[in-house]
Amino acid sequence: MSVTNRYRDAWEGFWRDAPEEPGSVIWDAEPALTAERHLALFRPHLADDRLPLVDLGCGNGTQTRFLADRFPHVLGVDLSAAAVDLARRGDGARRGDGARRAGFAQLDATDPAAVRELHERLGDANVYVRGVIHQSEPADRGPVAEAVAVLLGGRGRGFVVELAEAAKGVLARLAQNPAGPPPKLRPVLSHGLAPAEVADEAFTDILRAAGLGVLASGDMPLLTTEFTPDGTRIELPAHWVVVGADGRRPGPS
């Protein structure tokens with residue numbers, strides 16, 4: 001299966017219209033407020049930090065580049081070709097040996113053949129997923145979780161952070177403000193993207209149904225790049241989990 005044309009087109013349009021300046025997208029908070037905090041929770045559970053790391057749903061690559069300075073091989077993948085192009089343009093900084101800090105590629109995570117091909121190319125990998133499942137259409141959430149399981153194989157670990165159900169109320173109040181939605185929320189709404197659509201009780205069920213075991217979990221808000229009129233940074237309730245193969249099915253060979 002693969003994602004619907006409507007869903008793909010919505011993301012292509014969003015990323016084509018997104019400014020290139022850092023922080024212009026509502027969830028593009030600096031890594032010190034996002035991936036760095038997540039890595040502190042993730043790293044103690046890694047079975048092997050020498051494995052490749054896949055940033056699944058990398059968007060414009062801000063977090064990918066941070067992770068690439070901390071792991072030997074990092075690949076950012078995204079459904080949107082426009083996002084991948086934006087990420088590559090932003091990857092101007094180079095390592096001392098002249099290589100790019102991170103690799104980027106287009107990937108439809110609901111396409112099993114494409115996901116298997118990536119696993120065959122990389123081998124088992126660690127996977128970072130930030131806000132992909134809650135943005136996916138209902139029929140795609142299970143396949144995205146299954147993609148994580150395939151990429152992990154038997155040795156990889158995954159860090160998955162998703163908006164909590166309560167975030168939907170926060171976003172609704174922002175959208176219904178008499179002055180209109182905050183500027184950085186408007187593109188999300190105008191392109192037909194629907195954040196915070198996964199019920200709390202369904203989050204880990206989706207992962208377990210894909211053959212993933214939960215090794216650790218907790219709550220930590222996702223910080224945005226948007227602020228209220230009084231200057232307070234907008235935070236969205238979120239859950240995180242560390243996952244690995246649960247032993248019920250073998251990893252890909």
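For the structure, check the block above.
Here the structure is a predicted model, which is why all the values come from computation and not from measurement.

**Some points on the overall build of the protein**
- Helix and strand counts for the protein come out as nine helices and nine strands.
- Expected size for 253 residues packed as a compact globule is a radius of gyration near 18 Å; at 17 Å, the protein falls within 12% of this value.
- The proportion of buried residues among the 253 residues of the protein is 53%.
- When contacts within the protein are restricted to residue pairs at least 6 apart in sequence, those whose partners lie at least 24 apart make up 76%.

**Observations regarding the packing of aromatic side chains**
- A full pass over the atoms with the stated rule returns nine aromatic pairs.
- Between Trp15 and Trp27, the aromatic rings sit 6.2 Å apart at their centres with planes inclined by 75°, giving edge-to-face as the arrangement. Here Trp27 lies in the loop between helix 1 (5-17) and helix 2 (35-42) and Trp15 lies in helix 1, a separation of 12 residues in the sequence.
- A relative accessible area of 4% means that Trp15 is categorised as buried.
- A connected cluster of aromatic rings, assembled from ring pairs, spans Tyr7, Trp11, Phe14, Trp15 and Trp27.

**Concerning empty space enclosed by the protein**
- With the rule as written, the count across this model stands at one cavity of 30 Å³ or more.
- For the largest cavity, the calculated volume is near 660 Å³.
- Among the elements of the structure, helix 1, strand 1 (53-56), helix 3 (62-68), strand 2 (74-78), strand 4 (126-130), helix 6 (138-152) and strand 7 (222-227) are those that each provide at least two residues to the lining of the largest cavity.
- A per-class count over the lining of the largest cavity returns 23 nonpolar, 12 polar and six charged.

**Quick notes on the nonpolar core**
- Counting residues in each nonpolar core, the largest one holds 45 residues, and the members touching the most others are Trp15 and Leu67.
- Residue assignment for this core shows that the elements contributing at least two residues are helix 1, helix 2, helix 3, helix 4 (81-90), strand 5 (158-163), helix 7 (166-175), strand 8 (233-236) and strand 9 (238-245).
- If we skip the residues at most four places from it in the chain, Leu67 touches Ala35, Leu53, Val74 and Tyr128.
- Leu56, Ala145, Val150 and Val198 belong to the second-largest nonpolar core, a separate cluster that totals 32 residues.

**Concerning the pattern of salt bridges**
- This structure, assessed with the given rule, holds nine salt bridges.
- Between Glu137 and Arg6 there is a salt bridge, with the nearest N and O atoms lying 2.8 Å from each other. Taken together, the residues span a long stretch of sequence, with Glu137 in the loop between strand 4 and helix 6 and Arg6 in helix 1 at a distance of 131 residues.
- Given the relative accessible area of 44%, Arg6 is considered partly exposed.
- Of the charged contacts, one joins Glu30 and Arg233 as a salt bridge, the two residues approaching to 3.8 Å between their closest N and O atoms. Highlighted residues: Glu30 in the loop between helix 1 and helix 2 and Arg233 in strand 8, separated in sequence by 203 residues.

**Observations regarding helix 5 (residues 112-122)**
- Buried within helix 5 we find Val115, Leu118, His119 and Leu122. For helix 5, the angular spread of buried residues about the axis comes to 100°, placing them on one side. Opposite the buried face of helix 5, at more than 90 degrees from it, the exposed residues are Glu120 and Arg121.
- On its buried face, helix 5 sits against strand 1, strand 2 and helix 6.
- Its side-chain oxygen placed 3.1 Å from the backbone nitrogen of Ala113, Asp111 serves as the N-cap of helix 5.
- With its phi angle positive at about 80°, Gly123 sits one or two positions after the end of helix 5.

**Examining the environment of Gln106**
- Summarising the element assignment, Gln106 is placed in strand 3 (residues 103-106).
- Sequence separation between Gln106 and Gly76 is 30 residues; the distance between their C-alpha atoms is 8.5 Å.
- In this structure Gln106 touches Arg8, Glu12, Asp78, Leu79, Ser80, Ala81 and Val84, once residues within four positions along its chain are discounted.
- Within the structure, Gln106 has its side chain in polar contact with the backbone oxygen of Leu79 (distance 3.0 Å).

**Remarks on the packing of helix 1 against helix 4**
- Across the interface, helix 1 lies against helix 4 with an axial gap of 7 Å and an inter-helix angle of 30°. Viewed along their axes, helix 1 and helix 4 adopt a mutual orientation that is roughly parallel. When helix 1 is examined against helix 4, the residues Glu12, Trp15 and Arg16 are found in contact with a partner set consisting of Ala81, Ala82, Ala83 and Leu86.

Cut-offs used in this document
- Residues numbered from 1 in each chain as written.
- Predicted model: local features only at pLDDT ≥ 70, side-chain atom pairs only at ≥ 80, totals over all residues.
- Heavy atoms only, no water.
- Helix = DSSP H or I, 4+ residues; strand = E, 2+ residues; numbered from the N terminus.
- Rg over C-alpha atoms; globule rule 2.2 N^0.38 Å.
- Buried < 20%, exposed > 50% of the residue type's maximum accessible area, 1.4 Å probe, protein only.
- Contact = heavy atoms within 4.5 Å.
- Phe/Tyr/Trp six-rings, centres within 6.5 Å; stacked < 30°, edge-to-face > 60°.
- 1 Å grid on protein atoms, 1.4 Å probe; cavity = no way out; pocket = protein on both sides within 12 Å on 5 of 7 lines; lining within 4 Å.
- Points joined across faces, edges and corners; volume = space filled by probe spheres on them.
- Nonpolar A, V, L, I, M, F, W, Y, C, P; charged D, E, K, R; others polar.
- Core = buried A, V, L, I, M, F, W, Y, C linked by side-chain atoms within 4.5 Å.
- Salt bridge = Lys/Arg side-chain N within 4 Å of Asp/Glu carboxyl O.
- Arc of directions from axis to C-beta.
- Polar contact = N/O pair within 3.5 Å; in protein donor to acceptor, adjacent residues only side chain to side chain.
- Axes fitted to C-alpha atoms, helices over the stretch in contact; angles between N-to-C directions.
- Parallel < 35°, antiparallel > 145°, perpendicular 65-115°, else oblique.

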